[in-house]
Protein chains: 2
Amino acid sequence: MNSGKLIVISGFSGAGKGTVIKRLLSEYPNYVLSISATTRKPRAGEEHGREYFFKTVDEFKSMIDNNELVEYAQYVGNYYGTPKEYVDKQLSEGKNVILEIEIQGALNIKKQFKDAVLVFITPPSATELKNRLVNRGTEDLDTIMARLRRAEEEAAGVENYDYIIINDTIDKCVFDINSVIIAESNKSNNKLDIIEDIKENLKDI
Amino acid sequence: MNSGKLIVISGFSGAGKGTVIKRLLSEYPNYVLSISATTRKPRAGEEHGREYFFKTVDEFKSMIDNNELVEYAQYVGNYYGTPKEYVDKQLSEGKNVILEIEIQGALNIKKQFKDAVLVFITPPSATELKNRLVNRGTEDLDTIMARLRRAEEEAAGVENYDYIIINDTIDKCVFDINSVIIAESNKSNNKLDIIEDIKENLKDI
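These numbers were taken from a predicted model, which means no experiment stands behind them.

### Concerning the overall build of chain A
The helix and strand tally for chain A stands at 9 helices and 9 strands. Counting only C-alpha atoms and orienting by the principal axes, one finds that chain A spans roughly 75 × 40 × 30 Å. Looking at chain A residue by residue over its 205 residues, the buried ones come to 48%. Taking the contacts inside chain A whose residues are at least 6 apart along the sequence as the reference set, 66% of them involve residues at least 24 apart. With the model as given, the accessible surface of chain A reaches about 10300 Å², and the carbon-plus-sulfur share is 47%. Here chain A carries 27 positive and 33 negative side-chain charges, and the mean point of each set is 2 Å from the other.

Written as structure tokens, this is what we have:
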């Protein structure tokens, strides 16, 4: 079986990453979500083991010490990290594993998983970004303005990403990400064996 | 408007390139075929200006002298080349332009069009390759065996291609090629301007 692809999805707060990922998971059977460990408090509706593994700071530090995380980072005062065992198992079963993490963590992932596909999702414009944060209604205006002011920081390092996908309509964004994964699995360096086999077998035909 | 992509399609004789290209053109409105100039004789059903521009050797040499070809090559005693003007015009109108050429010509194309996407199409196995040539019924067995013996030569340089796509079922092959083109147009180096615009506009929001 071909190994799956590790897909790292980042993007501005309000870019719609969560919705895009839900749609990928529901429309395509060969995607799974990497569940992160975090020390941040659950939001309304979030469940331990579904959105995140919610950990105390002590528990998280113990995972770091035991080398059980692919990467981890601090963000707005909380730890976030990717448990290693789950990712390896899913990839070996041919599943494409989606990680939603910040650029800082993503670039660390790329060092360990050379074939990881780094995707940055962006709304089509700054105005649209603000509108989405306001319409989400989960944060007050001060928090939203603080997030918008962080956008420059959130995009630092994006030039090292493989793909930048505009989330204008959700259907197209999801389709484009799936196209990226199909393309990546057809890259020639993954397929040269097939050509060698054919050349070899043609000698006896 | 975004510029289209130049897609170079190569592959073993009998890989099904012609059928794949016809399907791409009929299923997606944003693909056009680059019509090559050639000095080979028309096959049954081929029309000047549709499959090829059929040229005499003198006419072809004059196109070379006037620098009207993106690339040209000799293959089984005939000249094949790509008229430049048509390609440039279609790309600037946002069309994806398909070229079907040999590897030798494709690598020359890549030197001039850095963004050209090189795709090699292969049947899943040597046996399948032979079966397709036999079933096509356009050539006698001696010619087919000569083609098969040329397969090694036909694949020389394929490690420089961007993608290798297996034509097992035609539907999947066509879908995969379109996915490759969508992915290529979402590569981050084509999209960094959008991120810069958003960062800039957020300062005034």
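Let's pick the thread back up.
### Comments concerning the pairing of strand 1 (residues 6-11) of chain B
Residue and element names in this part refer to chain B. Among the 6 residues of strand 1, 6 are classified as buried, and the element is accordingly described as predominantly covered. Alternating residues of strand 1 divide into Leu-6, Val-8 and Ser-10 and Ile-7, Ile-9 and Gly-11, and every residue in both groups is buried. Pairing analysis gives 4 bridges linking strand 1 to strand 7 (residues 96-100), with the strands arranged parallel. Looking at strand 7, one finds that Ile-7 is bridged to Ile-98.

### A few points about the pattern of salt bridges
All chains considered together, the criterion is met by 30 salt bridges over all chains. In this structure, Asp171(A) and Arg23(A) form a salt bridge, with 2.4 Å as the shortest nitrogen-oxygen distance. Of the two residues, Asp171(A) is situated in helix 8 (residues 170-185) and Arg23(A) in helix 1 (residues 17-27); the sequence distance between them amounts to 148 residues. When the shortest N-O distance is used, the salt bridge between Arg40(B) and Glu46(B) registers 2.9 Å. A residue is classified by how much of its surface remains accessible, and Arg40(B), at 11% relative accessible area, is buried.

### Brief notes about the relation of the copies chain B and chain A
Superposing chain B onto chain A takes a rotation of 180° combined with a translation of 0.0 Å along the rotation axis, leaving an RMSD of 0.1 Å. On the angle and the small slide along the axis, the relation comes out as a two-fold axis. Ranked by how close their C-alpha atoms come to the rotation axis, the residues of chain B are headed by Ser179(B), at 2.2 Å. Interface overlap between copies is the fraction of interface residues in one copy that are interface residues in the other; for chain B against chain A it reaches 100%, indicating a shared surface.

### Points about the interface of chain B and chain A
Accessible area lost on assembly of the parts is the figure often given for the size of an interface. Of the residues lining the interface, 42 residues belong to chain B; the matching set on chain A comes to 42 residues. Carbon and sulfur atoms supply 75% of the area that chain B and chain A bury against each other, a total of about 3500 Å² over both sides. Along the contact surface separating chain B from chain A lie 0 salt bridges. Our count for the contact surface shared by chain B and chain A stands at 8 residue pairs in polar contact (both at pLDDT 80 or more). Counting residues per element, the ones that place at least two in the side of chain B that touches chain A are strand 8 (117-122), helix 5 (126-136), helix 6 (141-149), helix 7 (151-154), strand 9 (163-166), helix 8 (170-185) and helix 9 (192-202) of chain B.

### Thoughts on the side chain of Lys5(B)
Residues and elements named next belong to chain B. With respect to the helices and strands, Lys-5 occurs in the segment before strand 1. Of the side chains bearing the opposite charge, Asp-115 lies closest to the buried Lys-5, which forms no salt bridge; the N-O distance is 4.5 Å. Those residues in contact with Lys-5, other than ones at most four positions away along the chain, are Leu-91, Lys-95, Asn-96, Val-97, Asp-115, Val-117, Ile-181, Glu-184, Ser-185 and Asn-190.

### Comments concerning the confidence of the model for chain A
Of all residues in chain A, 100% have pLDDT values of 70 or greater, and the mean over the chain is 91. Among the prediction metrics, the complex's ipTM stands at 0.84, with pTM recorded as 0.85.

### Brief notes about the packing of aromatic side chains
Residue and element names in this part refer to chain B. With the rule as written, the count across this model stands at 19 aromatic pairs over all chains. Ring centres of Tyr-72 and Tyr-79 lie 6.4 Å apart, and the angle between their planes is 50°; on these two criteria the pair is classed as tilted. Residue Tyr-79 is classed as buried on the basis of its relative accessible area of 16%.

### Topic: the environment of Gly18(A)
Within the secondary structure layout, Gly18(A) lies in helix 1. Along the backbone, Gly18(A) and Glu100(A) are 82 residues apart, and their C-alpha atoms lie at a distance of 8.4 Å.

### Observations concerning the sheet that holds strand 9 (residues 163-166) of chain A
Residues and elements named next belong to chain A. Taken together, the 5 strands give an open sheet; going across it, the order is 2-7-1-8-9, and neighbouring strands pair in parallel fashion. Looking at the sheet topology across the chains shown, the edges are occupied by strand 2 (31-33) and strand 9. If you compare each strand with its neighbour and ignore which way they point, the axes differ by 30° on average. Against the sheet, helix 8 touches strand 1 (6-11), strand 2, strand 7 (96-100), strand 8 (117-122) and strand 9, its axis set at about 160° to strand 9.

### A word on helix 9 (residues 192-202) of chain A
Buried within helix 9 of chain A are the following residues: Ile195(A), Ile198(A), Lys199(A) and Leu202(A). Looking straight down helix 9 of chain A, one finds its buried side chains confined to an arc of 95°; they lie on one side. Check the buried side of helix 9 of chain A and you find it contacts strand 8, helix 5, helix 6, helix 7 and strand 9 of chain B.

### Quick word on the sheet that holds strand 6 (residues 78-83) of chain A
Residue and element names in this part refer to chain A. Ordered by their spatial adjacency, 4 strands build an open sheet running 4-3-6-5, and the pairing between neighbours is mixed. Strands with a single pairing partner mark the edges of an open sheet, and in this sheet they are strand 4 (52-54) and strand 5 (69-75). When the angles between neighbouring strand axes are averaged without regard to direction, this sheet yields 25°. Note: strand 3 (residues 36-38) against strand 4, 3 bridges, orientation parallel. Each bridged residue has a counterpart across the sheet, and for Ala-37 the counterpart in strand 4 is Phe-53.

Rules of the game
Residues numbered from 1 in each chain as written. Chains lettered and ligands numbered in written order. Predicted model: local features only at pLDDT ≥ 70, side-chain atom pairs only at ≥ 80, totals over all residues. Heavy atoms only, no water. Helix = DSSP H or I, 4+ residues; strand = E, 2+ residues; numbered from the N terminus. Buried < 20%, exposed > 50% of the residue type's maximum accessible area, 1.4 Å probe, protein only. Contact = heavy atoms within 4.5 Å. Areas by Shrake-Rupley, 256 points an atom, 1.4 Å probe, with all protein chains shown as cover. Lys, Arg positive; Asp, Glu negative; His and termini not counted. Charge placed at Lys NZ, Arg CZ, Asp CG, Glu CD. Pairing = 2+ DSSP bridges. Salt bridge = Lys/Arg side-chain N within 4 Å of Asp/Glu carboxyl O. Least-squares fit on C-alpha atoms with pLDDT ≥ 70 in both. Buried area = accessible area lost by both parts, 1.4 Å probe. Polar contact = N/O pair within 3.5 Å; in protein donor to acceptor, adjacent residues only side chain to side chain. pLDDT = per-residue confidence, 0-100. Phe/Tyr/Trp six-rings, centres within 6.5 Å; stacked < 30°, edge-to-face > 60°. Axes fitted to C-alpha atoms, helices over the stretch in contact; angles between N-to-C directions. Arc of directions from axis to C-beta.

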